[in-house]
Structures are given as structure tokens and as C-alpha cells.
Amino acid sequence: MKKYLALALLLASYHMNAESKYVPAVTNSTLPSPQQALGFNVGQWHARHDQIERYFTLLAKSSSRAQLEVIGYSHEQRPLLQLVISAEKNLQRLEQIRQQHLATARQGKAQAADAPVVIWLGYSVHGNEPSGANAALLLAHYLAAAQTDEVRNWLDNAVILLQPVLNPDGHDRFALWANMHKGAAAVADPQHREHNEPWPNGRPNHYWFDLNRDWLLLQHPESRARIAQFQQWLPNVVGDYHEMGTNSSYFFQPGIPSRNYPLTPKRNFELTRAIAQFHAEAFDKQGQLYYTEESFDDFYVGKGSTYPDVQGSVGILFEQASSRGHLQDSINGPLSFASTIQNQLTASLSTIRGAVAKRAELLSYQQEFYRSALQQAKASKLKGYMLTEAADASRLTALVEVLQRHHVQVYQLNRDWQDDDNNYPASSSYYVPLQQPQYRLIKAMFSTEKNFNDNTFYDVSAWTLPYAYNIAFTPLNREPASSALSDSWPQPARQSPLTSGAYAYAFNWQDQQAPLLLQALLQEKLVLRAALGDVSAQTPNGQLSLQRGAMVIAAGLQTEPDWFARLQRQQQRFNLPLYAISSGLTSSGSDLGSNQFAPVSLPQVLLLAGPGINSTEAGEAWYNLERLAGVSPSLVEPDRLAQLDLSRYSHIVLPDGNYASWQEAEIAVIKRWTEQGGVLWGHKRAAAWLAKAGLLKAGVWQGREMSSLISSDNLSYQDKEALAGKQRIAGAIYQAELDLSHPLTFGLTQRTLPVFKNSTMLLQPANAPFVNVALYSSAPQLAGYTAAEYIPRISQSAVLLAHNLGQGRVIAMTDNPVFRGYFYGSSRLLVNALYLGRSFSANSD
């Protein structure tokens, strides 16, 4: 019996090793191979990030063709790697090459005859798409070790930036899952546990974000490190390597022709098509299936294959059918992990081959891209955009910092400026001129387009950055004088230390840092009250205006003996203005001892996160609660609700998800907790579930009711996709109108607020007074595609509802307030629910 078992294991091992022979192969090299560093053949196991790092480190130490850089760290502190591969003579003058490349592209300097093409190859931005990361091992070895004339020519004429694992946290989550389920022989059954990852799976990063949607938004350290390198190098070609469904084959761009971003020059698509010939030739030689011009588009400019397109690069998306493990049955036969790696290696080499062959054309295109951008900007009637925000300097600064990370030139007014009837104060206004190299990128960032040639979108149709940050932006047809602009501005002055002995201390609630300061003070056990109305209080320097939501620290309420030292420490940490108040008697508004100053408690937050919940939106809520409120919530799966001691929590947050498994018992548990004083928040499908469960007193227009507004009469089968595209809201931005007197809107100073919508579910407005906190405006569409048939219904709908339930509160939002982490404006609604969620009272009937 033992003999047969040993033979079986030997045959299984031989089968795996046989699958792991890759072409082209390196022979007679003294450099370490991946197999030597890993201890197994590439594809036999899923290589972890630390194993990939170890091999790249060995290779860079051993090869004169490679330099390894750590360009940043992931959330879980894994190093983000970039291997620079080129001829030794190029590496010896790498910084000179880089500077000359930038000067040629953006400054129009003369192109050197021997200038190398810069090729960027990025792998596995989705952690459970590991074929790219594992192929990077083979590619790096081949480029460093091969002695063929072709490879020498490539390295003489190219600088290759190889980023093997763009999402190391997600990559290791998946590698662990796949490896822990590997047996002596690979199991190809798609129902096998190996091929069915648990929630949230390995695709996202640590906070469950899709990093391939973050190239423009830059909410995560992985993206910020990546974009810093992109802007330092301006690659000519970007290869973006992914995986797709197991029953597919292999995709490379060009994508769907009607769904290209309109600001991308036609020449970009011509070059994409020209390089596609090299991919096709390589796959034809190997007899591999592939396709183009289907499934994927080039519209949203915040992805790895589209962000380069608005910056003079040629971004190319590659999608390999996924084995989601070591071996899986598909309609095309058994799909092995090794074969997926081979295809990614093939496409990587064909990208290099095509880029080197088209070197002169790619370099010329990039230079012409920036030259034409400046020409178009000069000819445009629109000269730039003015950003203005007086009440929240932190939010304005956050937007400006994102622009600058993309090498967008931003100038602060150094004196007040007027354009027509609009006045722009120097202290809170920034000008973004269009006359600069990033002209096309700026146009994309500020786009408010609503009409499109093709209304079907693979991703969102709008992403307007100022709307997301709730920053007023004005298109200008004339520019401020250059003497009125400054490209460097001083850091905010440190706040003067507080003096002891005041009756109370206070800070306003508008700044984005205010909730973080509040949370820190609550953690320091200080006692605070929130002003429910505007107040004018006496200070040593005269009258002080405190707006609704201002936080007051009354000396007479403090219980900690060193409370003032704690207050001083946190003030210096956050550098927000704190004011000493001389008296509890105010000149206008309520006196400080009034019940119009509501108690504020340290929130204890439960966030539902687990099977059935939208992991992306749960992650967005988690991340933004930490960043914008300093609150790390308890994360709990929905099926554990009955086992929980809910008395530990002041708040329960229900992100978008399917709550159908919660029946009468769960409804009773949540209802009882809320009635006893809890604050219950739900958005999107969670809000609809609250209404269905009777916890939220509101009607709901569901997606099927919305779809019925669009006629499907007289359509043929070929119209199916177009109809689905019209019925869908893929992602657009709408305008909400706020009740600024409601505590849930405190800190927001404008009556309107942009919100992001990517579903057709709508909450109906309440008939009861004081429950409608925010409604869609009568003309709600700000940016992005929405079928005309939907607009009247949206304009009749509610954005945010809130009412009493016993001693507690129920708050429901139609949309996700923290979409992709960058909707800082609407995020304030969720943050306010933590601290001011019991500061209002409204009956639901």
C-alpha cells in the first residue's frame, strides 16, 4: 500500500513539475533562479510576497542589469517593490536618463537619438489574481540572465520598471488560502474549497478597497507610492496585468472602441493596436486563445490601464482567465496555475518587444501629447478653475494635496481677487490653471459631463474630485494676474498654547480635523457638550461666534484632575483653534448651561462585516471611520448578531448588503437595542432592509420599479446590452439639499451637498415633519450618466432620513456616504451620526 501511495505522490509531483516548464527558458546562467530561491518551481505553489521579495533581492545583488527599490509600504507594512531592469550602461546613468526623459516629454526638450523607451509592468493589483506576480519572477530572471541578441537590444533601448505585487496584503491573503487547500494532487473541481474564497477574499487591500480604482483618488499608501513613481518616470507604455473569469481565455487591449475616454488622443489607440499585433503573434505561436475589443472599456481614468492614457502613456489592460488556485476545470479544459503564469509571461515579453520596436513612435507620441495639451489649453476659452472653501481648511488642503501628487500645478491667491460678481478671498482660494502639462488630466478631474456617445460603462461615469471633497469650484474664463498667485504657501501657524483658568473652552465643528480632536478629547475622558444653535460667547479678546455643532469643554464639568493638560496636549496635536470663554452668559444664543448644549459621548461602534455584506462598502466605512473620526469599529459578521452583547455598543452601522437572512428574531434584537437608546445607521440596501423590517418608517422605490420607467418595447435581442446600460446607474454624482439646522448636517456650511450614486434604489421622503434631513434637489444630476426617465423620480426622493425609535434613533441614507474613501463631503453625515446621532428628536408619524 505504501508503495502505491509513494508512486501516486511521485506521479502527482511529476505532473506539477511538468506543468511548470516555461518558455522562453534561461540556460547556462550563474544568476539565481526563482526555483532556487523559492525551493519549488514557479506555479507549483503560490509564492508569498516575502518569497518574491527575497528572490528580487538576490537577483538585484547578483545582476548588473537590475536595481531593486522599496518605494513604499502597504497598510500591513509589506514593502512595495520596484525592480528597474536595463543595460548596465543605462543603470549607471539612470537618474540622468530619467531627468532627460521628463524634460523631453513635458518641457519639449530635444529627443536624444538613443533615448530609451520607458516600460512599466505592474502585476496583481488584485490580490487574488496571482498569475502576474508569479510571472514577474520568471520575467525578472529572464531579462537579467538571458544572453540573446533580442534581450540585449531590449535592455539597450528600454528602461523597464517592474512592480511585481501592487497589492501585497491581498496577494498574501489569497496565497495563504490557495496553498492551505493544496493536496497531493491538484483538484480541478470548481466547487472545491480552494476555488471559493471566503469573504472578503484576496482581491482588495487591507481595508477591502479595490486598489485598481485608486490610481486617481490616492486614498491608500500603495497607490500614493505607485503614483509617485509614475510621475517621476512618465512611462511610455504601461502593462496592467489582471485575471478574469475561469471560463474566459486571454484579453488584451484595444477594448470596446465606443467606450474610450474622449480626452485620450486617437494616436494612443493606434499605438495600442500596433502593439496588440505583437501580442497576437506571440499567442498565435503558442496556439493560445485570446480576444480584443470586448468586455472592457477605457473610460474611467482612475484605473491602471486608463490613468496613463491621459498623461502621454499607452496603458494596456491584460486579462487572463483565472485558475483561482492550482488547477480548475473550465469550458476550455483544465486550467492550471502554471498555464496562467505562462500567458502573463508571454504577454509581458510581447509588451517589451512591441514597445522597443515602436520606441521612436512612443517617445514622439508622448512629446506631442504634452505639446498639444499646451496648445489646446492656450486655445481654450476656459482658463482654469478656482477652488474655494473658507470653513474647512483641512478638506481643501486634502484636495490640493491629491492634485499635487499628480503633478498638477496649484497656486494660492496671495491677495483677494474678484471675477465678475464673485469674490475670492486669498486665505481660502486656490487656482488651478489649465495652461500646464497636465491639461488633459485636470479636465478629467474636473469633468461634469452628463452626455456620452455610449451609455454603457464598465465602471463609473463620473468622479469629479471637487464634488467628492465638497469644495466649491468655479470655471474661469480669465486668470488672476501672476503677481496674485503663489506656488508655495506657508504651513499653518501653530496654535498658541491655551491659558488656564477659563470658564470653558470651545472649538468649531466645520473643519475636517474637528471630529478627530473631539474623539481624542473623549478618549482623554474630558466632558464635552455640542451647541445645537449658533452662539456668541465672551472671550478675553472679545465676542466669539460659535456655529451649530461647536464643541464646548466647560471647566465645571471636568472630572479628571489633569484635564487641562490633556486638553493642551490634544490641541497641539491637531493644531485647531481652541478658544477660551470667559463666561457662561452669552450675548446671543443659549447660555452655556442650557440644554441646547447636548452631551457628547465616546462612540462604541459595531460595523457589520462578513458574508452577505458588500465588502468594498464595509471597508470604505471602516477606513473612513478611522481616518475621519478616529474610531476603530468592532467588525462582526451578520450571522453572529444573536450571540452578541449589544449593550457594549452605542452605534450599529449597516453598510450595503443582503440582510435577507435576518428574520423576526434578528429584527427584534435590533429593535430592542435601538429602543433602549442605540443609534442605528444603514445605507443603500441596508436602508431598504430597515424599511422592510419596519425599523425605518419610509417607503422605498426598488430597482425593478425604476427599471420599469424605461420602455423595453420594440427592442431586438441585439439591444439587450444597451437597455441594461440605460437601466443602470453605474456611478454618477447628484445634488442633495440639506436641512442645515439638523444636527446630522452640522459642520456643513452650504445648503447643497454632492453625493455619489451607483444604484437605482431610492428612499421616499417622509410625510412626518423633521424626518427629511436631506432630499435630492429638483435638478439633481451634477455629473455622470443617468437615463432621462430616472431624473424626475430621483428629484422626488430622499437622501437622508432620521427619526426616533423608542429612546434611540434610526438613520438611513439612500447612497454610500464614503464612496471609494474620497467622498469627504458626504462622509461628514456618517461622522455626525457618531457624535450627534442622539442630539435630535423627530417622531416618525
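Residue positions are counted from 1 within each chain, in the order its sequence is given. It should be noted that, the model being predicted, local features are given only for residues of pLDDT at least 70 and side-chain atom pairs only at 80 or more, the latter also being counted only at that level, while totals for whole chains, interfaces and linings use all residues. Just so you know, side-chain values use all the structure's heavy atoms and leave hydrogens and water out.

> Would you mind going over the overall build of the protein chain with me for this structure?
To qualify as a helix, a DSSP run of H or I must reach at least 4 residues; to qualify as a strand, a run of E must reach at least 2; elements of each kind are numbered from the N terminus. From N to C terminus, the protein chain includes 24 helices and 34 strands. Based on C-alpha atoms, the radius of gyration is set beside the globule rule, defined as 2.2 Å times the residue count to the power 0.38. Against the globule reference of 28 Å for 845 residues, the protein chain gives a C-alpha radius of gyration of 29 Å, in line with a compact fold. A principal-axis box enclosing the C-alpha atoms of the protein chain has dimensions of 85 × 75 × 70 Å. Exposure is judged per residue with a 1.4 Å probe applied to protein chains only, and the accessible area is read against the type maximum: over 50% gives exposed, under 20% gives buried, and values in between give partly exposed. For the protein chain, the proportion of its 845 residues judged to be buried stands at 60%. Contacts in the protein chain between residues at least 24 apart in sequence constitute 80% of all its contacts with a sequence separation of at least 6. Only the protein chains shown count as cover for residues, and the accessible areas themselves come from Shrake-Rupley with a 1.4 Å probe. Surface exposure of the protein chain reaches about 32,800 Å², of which carbon and sulfur atoms provide 48%. Any two residues having at least one pair of non-hydrogen atoms within 4.5 Å are treated as being in contact.

> Would you mind showing me how to read the side chain of serine 223 here?
Checked against the element boundaries, serine 223 lands in helix H9 (residues 221-233). A relative accessible area of 0% places serine 223 in the buried class.

> In this structure, what is going on with H9? I would like to understand it.
Since the α-helix turns once every 3.6 residues, residues separated by three or four places project in the same direction. In a regular helix each residue adds 1.5 Å, so 13 residues correspond to 18 Å; H9 covers 19 Å between its end C-alpha atoms and thus fits that length. Burial in H9 covers these residues: Glu222, Ser223, Ala225, Arg226, Ile227, Gln229, Phe230, Gln231 and Trp233. Among the residues trailing H9, leucine 234 stands out with phi positive, at a value near 45°. By this rule, a helix spans an expected 1.5 Å times one less than how many residues it contains.

> Can you help me understand the pattern of salt bridges in this one?
Each salt bridge in this description consists of a side-chain nitrogen of Lys or Arg and a carboxyl oxygen of Asp or Glu lying within 4 Å of one another. All chains considered together, the criterion is met by 37 salt bridges. Residue arginine 353 is joined to glutamate 150 by a salt bridge in which the shortest nitrogen-to-oxygen separation is 2.7 Å. Residue arginine 353 is located in helix H11 (residues 337-357), and its partner glutamate 150 is located in helix H7 (residues 149-157); the two are separated by 203 residues in the primary sequence. Taken together, the shared-partner salt bridges connect Glu129, Arg203, Asp210, Arg213, Asp459 and Arg820 into one network.

> Sorry, what's going on with unusual backbone geometry here?
Backbone geometry follows two general trends: most residues other than glycine have a negative phi, and most peptide bonds adopt the trans configuration. Residues valine 23 and proline 24 are joined by a peptide bond in cis, for which omega reads -5°. Among the structural elements, proline 24 can be located in the loop between helix H1 (2-19) and helix H2 (34-38). Looking along the chain, the bond that leaves tryptophan 199 and enters proline 200 is cis, with omega of 0°. With respect to the helices and strands, proline 200 occurs in the loop between helix H8 (168-180) and H9. Within the chain, aspartate 420 stands out as a residue other than glycine whose phi angle is a positive 55°. For aspartate 420, the position within the fold is in the loop between strand S12 (417-419) and strand S13 (422-424).

> What is the right way to read helix H17 (residues 563-574) from this model?
Over its twelve residues, H17 extends 17 Å from the first C-alpha to the last, a length consistent with the 16 Å expected when each residue adds 1.5 Å. For H17, every residue scored as buried is listed here: Trp563, Phe564, Arg566, Leu567, Gln570, Gln571 and Phe574. What you see down the axis of H17 is that its buried residues fit within an arc of 155°, all on one side. If you follow the buried residues of H17, they end up packed against strand S17 (504-507), helix H16 (514-523) and strand S21 (551-554). Once H17 ends, the next one or two residues include asparagine 575, with phi positive near 55°. Within this analysis, the arc is defined by the directions that extend from the helix axis to the C-beta atoms.

> I'm lost on the confidence of the model for the protein chain in this one. Help?
pLDDT expresses how confident the predictor is about each individual residue, on a scale running from 0 to 100. Across the protein chain, the average pLDDT comes to 95, with 98% of residues at or above 70. A low-confidence stretch, residues 1-19 stays under pLDDT 50, and its non-local contacts, those more than four residues away or across chains, total 14 contacts.

> Explain the sheet that holds strand S18 (residues 528-531) to me, please; I cannot follow it from the model alone.
By way of backbone hydrogen bonds, the strands of a sheet pair with one another, either parallel or antiparallel. Pairing between two strands requires that DSSP report at least two bridges joining them. Read across the open sheet, the five strands follow the order S22-S17-S21-S18-S23; overall the sheet is antiparallel. Looking at strand neighbours, the two that pair on one side only are strand S22 (579-581) and strand S23 (597-600), the edges of this open sheet. Strand-to-strand twist across the sheet, computed as the mean angle between neighbouring axes with direction ignored, equals 35°. In the sheet, S17 pairs with S21 via four bridges, with the strands oriented antiparallel. Note on S21: the bridge partner recorded for alanine 506 is valine 552. Inter-axis angles, ranging from 0 to 180 degrees, are taken between N-to-C directions of lines fitted to C-alpha atoms, where helices are fitted over the stretch in contact.

> For this particular structure, what's the right way to read the sheet that holds strand S4 (residues 158-163)?
In space, the seven strands of this open sheet follow the order S1-S2-S4-S3-S5-S7-S6, with mixed pairing throughout. The outermost strands of the open sheet, each flanked by one partner alone, are strand S1 (66-73) and strand S6 (250-252). Going across the sheet, the axis of each strand differs from the next one's by a mean of 20°, ignoring polarity. Pairing geometry for S6 and strand S7 (residues 314-321), over three bridges, is antiparallel. In the strand pairing of S7, phenylalanine 252 is matched with phenylalanine 318. Along the sheet face, helix H3 (residues 49-62) touches S1, strand S2 (79-85) and S4 and points at about 35° away from the line of S2.

> Is there a simple way to think about the environment of leucine 68 in this case?
In this structure, leucine 68 sits in strand S1. Judged by relative accessible area, leucine 68 falls into the partly exposed class, the value being 27%. Among residues more than four places away in sequence, those in contact with leucine 68 are Phe56, Thr57, Ala60, Leu81, Gln82 and Leu83.

> Sorry, what's going on with the packing of helix H6 (residues 131-145) against H11 here?
The packing of two helices is summarised by the inter-axis angle and the distance between the axes. Here H6 crosses H11 at 55°, and the two axes come no closer than 8 Å. The orientation of H6 relative to H11 falls into the category oblique. With respect to the hand of their crossing, H6 and H11 are arranged in right-handed fashion. Contact with H6, carried on its side by Ser131, Gly132, Asn134, Ala135, Leu138, Leu139, Tyr142 and Leu143, involves Phe337, Thr340, Ile341, Gln344, Leu345, Ser348, Leu349 and Ile352 of H11 and no other residues of that element. Should an angle lie under 35 degrees it is considered roughly parallel, over 145 roughly antiparallel, and from 65 to 115 roughly perpendicular; all remaining angles are considered oblique. Throughout, a crossing is termed right-handed when the near helix is turned clockwise from the far one, and left-handed when it is turned anticlockwise from it by less than a right angle.

> Teacher, can you tell me more about the nonpolar core here?
Nonpolar side chains tend toward joint burial in soluble globular proteins. The biggest cluster of nonpolar side chains holds 248 residues, and the ones touching the most others in it are Leu387, Leu403, Trp463, Phe507, Leu567, Leu654 and Tyr835. Ranked by the residues each element gives to this core, the list is headed by H6, at eleven residues. Not counting residues up to four positions away in its chain, the partners in contact with tyrosine 835 are Trp509, Pro515, Leu518, Gln519, Leu522, Val600, Ser601, Pro603, Ala629 and Val631. For our purposes a nonpolar core is just a set of buried Ala, Val, Leu, Ile, Met, Phe, Trp, Tyr and Cys residues, chained together by side-chain atoms within 4.5 Å. Residues Ala504, Ala531, Leu544 and Leu546 belong to the second largest nonpolar core, which totals 13 residues.

> Sorry, what's going on with the side chain of glutamate 666 here?
With respect to the helices and strands, glutamate 666 occurs in helix H19 (residues 664-675). Comment: no salt bridge for buried glutamate 666; closest opposite-charge side chain is arginine 672, at 11 Å. Not counting residues up to four positions away in its chain, the partners in contact with glutamate 666 are Leu641 and Ser661. We count Lys and Arg on the positive side and Asp and Glu on the negative side, and we leave His and both chain ends out.

> Honestly, the environment of threonine 616 in this entry has me stumped. Any pointers?
Mapping threonine 616 onto the fold places it in helix H18 (residues 615-629). Separated by 180 residues in the primary sequence, threonine 616 and glutamine 436 have C-alpha atoms spaced 35 Å apart.

> Explain the pairing of S2 to me, please; I cannot follow it from the model alone.
Where a strand is regular, its side chains alternate between the two sheet faces. Taking burial as the measure, the seven residues of S2 include seven buried ones, the bulk of the element. Residues Pro79, Leu81, Leu83 and Ile85 of S2 are buried on one face, and the alternating residues Leu80, Gln82 and Val84, pointing to the opposite face, are buried as well. The sheet contact formed by S1 and S2 spans seven bridges and is antiparallel. Opposite glutamate 69, over in S2, you have glutamine 82 as the bridge partner. Here S1 folds back onto S2 in antiparallel fashion, the turn holding five residues, of which glutamine 77 has a positive phi close to 65°. In terms of strand pairing, S2 meets S4 through three bridges, oriented antiparallel. Across the sheet, the residue bridging to isoleucine 85 is isoleucine 160, located in S4.

> Would you take a moment to explain the packing of aromatic side chains for this structure?
Describing an aromatic ring pair means giving the distance of the ring centres and the angle of the ring planes. Within 6.5 Å between ring centres, the rings of Phe, Tyr and Trp (the latter by its six-membered ring) count as paired, and their orientation is classed by plane angle as stacked under 30 degrees, edge-to-face over 60, tilted in between. In the structure shown here, the tally under the stated rule is 45 aromatic pairs. Plain terms: the ring middles of tryptophan 120 and phenylalanine 230 are 5.9 Å apart, the flat faces sit at 65° to each other, and that makes the pair edge-to-face. Of this pair, tryptophan 120 sits in strand S3 (residues 117-123) while phenylalanine 230 sits in helix H9; the two residues are 110 residues apart in sequence, bridging distant segments of the chain. The pair formed by tryptophan 120 and phenylalanine 230 is uniform in burial state, with each residue classed as buried. On the basis of an interplanar angle of 55° and a centroid distance of 4.9 Å, the ring pair of tryptophan 208 and tryptophan 622 is categorised as tilted. Placement of tryptophan 208 in the loop between H8 and H9 and of tryptophan 622 in helix H18 is noted, with a sequence separation of 414 residues between them. By the burial criterion, tryptophan 208 is buried, and tryptophan 622 matches it. Each residue in the set Tyr123, Tyr241, Tyr250, Phe252, Phe283, Tyr290 and Phe318 is aromatic and connected to the rest through ring pairs, giving one cluster. Directly above the ring of tryptophan 45 sits lysine 182, whose terminal nitrogen or CZ lies 3.9 Å from the centroid. Over the ring of tryptophan 215 we find arginine 226; its NZ or CZ atom is 4.4 Å from the centre of that ring. Criterion for a charge above a ring: Arg CZ or Lys NZ at most 6 Å from the ring centre, at most 35 degrees from the ring normal.

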